[in-house]
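Chain by chain, the residues:
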Amino acid sequence: PAPAAPAAPAAPAPSAAWVVSATEKARYDSIFQQMAPDGGRASGAKVAPVLRRSGLPNDALKAIWSLCDVGGAGSLDADWFSVAMHLAMRSKKGEPLPQVLPPEYVPPSAR
């Protein structure tokens, strides 16, 4: 049979590349460990000062938190902290924050 025509791009599959690069992840993991996470999670009280160092306005920081604290636990694990930092750095460069987290932002551990 003839090869099928290429399909239109769909939403990333679970194996889709994560938007956080390995280099970024290593840097963010180091910052995460400095916060002395409890049970593998860092509370909002620990994460907030780190995110504030980005210089972003509070409404942007709240939007980032709401995108990353998906379970409403009030804390982030290392992967979601990396997503929060990635969003903060992109926003700092002038890129708009997404209203809904695109699939490639979801950590592989949460897919």
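Look a little higher up for the structure.
Residues numbered from 1 in each chain as written. Predicted model: local features only at pLDDT ≥ 70, side-chain atom pairs only at ≥ 80, totals over all residues. Heavy atoms only, no water.

Section: helix α4 (residues 78–92)
Inference 1: Helix length check: α4, at 15 residues, gives a terminal C-alpha distance of 21 Å against a target of 21 Å (1.5 Å per residue), a fit within 8%.
Inference 2: Of all 15 residues in α4, 12 are buried; the element is thus mostly enclosed.
Inference 3: All of the buried residues in α4 are Ala78, Asp79, Trp80, Phe81, Ser82, Val83, Ala84, Met85, His86, Leu87, Ala88 and Ser91.
Inference 4: For α4, the secondary structure elements touched by its buried residues are α1 (22–34), α2 (44–52), α3 (58–68) and β2 (75–77).
Inference 5: The distance from a side-chain oxygen at the start of α4 to the backbone nitrogen of Asp79 is 3.1 Å, and the residue carrying that oxygen is Asp77.
Inference 6: Looking one or two residues past α4, Gly94 carries a phi angle of roughly 95°, positive in sign. (Helix = DSSP H or I, 4+ residues; strand = E, 2+ residues; numbered from the N terminus. Expected span 1.5 Å × (residues − 1). Buried < 20%, exposed > 50% of the residue type's maximum accessible area, 1.4 Å probe, protein only. Contact = heavy atoms within 4.5 Å. Polar contact = N/O pair within 3.5 Å; in protein donor to acceptor, adjacent residues only side chain to side chain.)

Some points on the packing of aromatic side chains
What describes a pair of aromatic rings is the distance from one ring centre to the other and the angle between the planes of the rings.
Inference 1: Within the structure shown, the criterion is met by 1 aromatic pair.
Inference 2: Ring centres of Phe32 and Phe81 lie 5.7 Å apart, and the angle between their planes is 45°; on these two criteria the pair is classed as tilted. Here Phe81 lies in helix α4 and Phe32 lies in helix α1, a separation of 49 residues in the sequence. Each of the two residues, Phe32 as well as Phe81, counts as buried. (Phe/Tyr/Trp six-rings, centres within 6.5 Å; stacked < 30°, edge-to-face > 60°.)

A look at unusual backbone geometry
Note: most residues except glycine have negative phi, and most peptide bonds are trans.
Inference 1: Non-glycine residue Ala36 carries a positive phi angle of around 50°.
Inference 2: You can see Ala36 is positioned in the loop between α1 and β1 (41–43).

Concerning α2
Inference 1: Of the residues making up α2, those classed as buried are Val47, Val50 and Leu51. Projected down its long axis, α2 shows its buried positions confined to an angular sector of 95°, all on one face.
Inference 2: Residues of α2 that are buried make contact with α1, β1, α3, β2 and α4. (Arc of directions from axis to C-beta.)

All we've got here are geometric facts, nothing functional implied.
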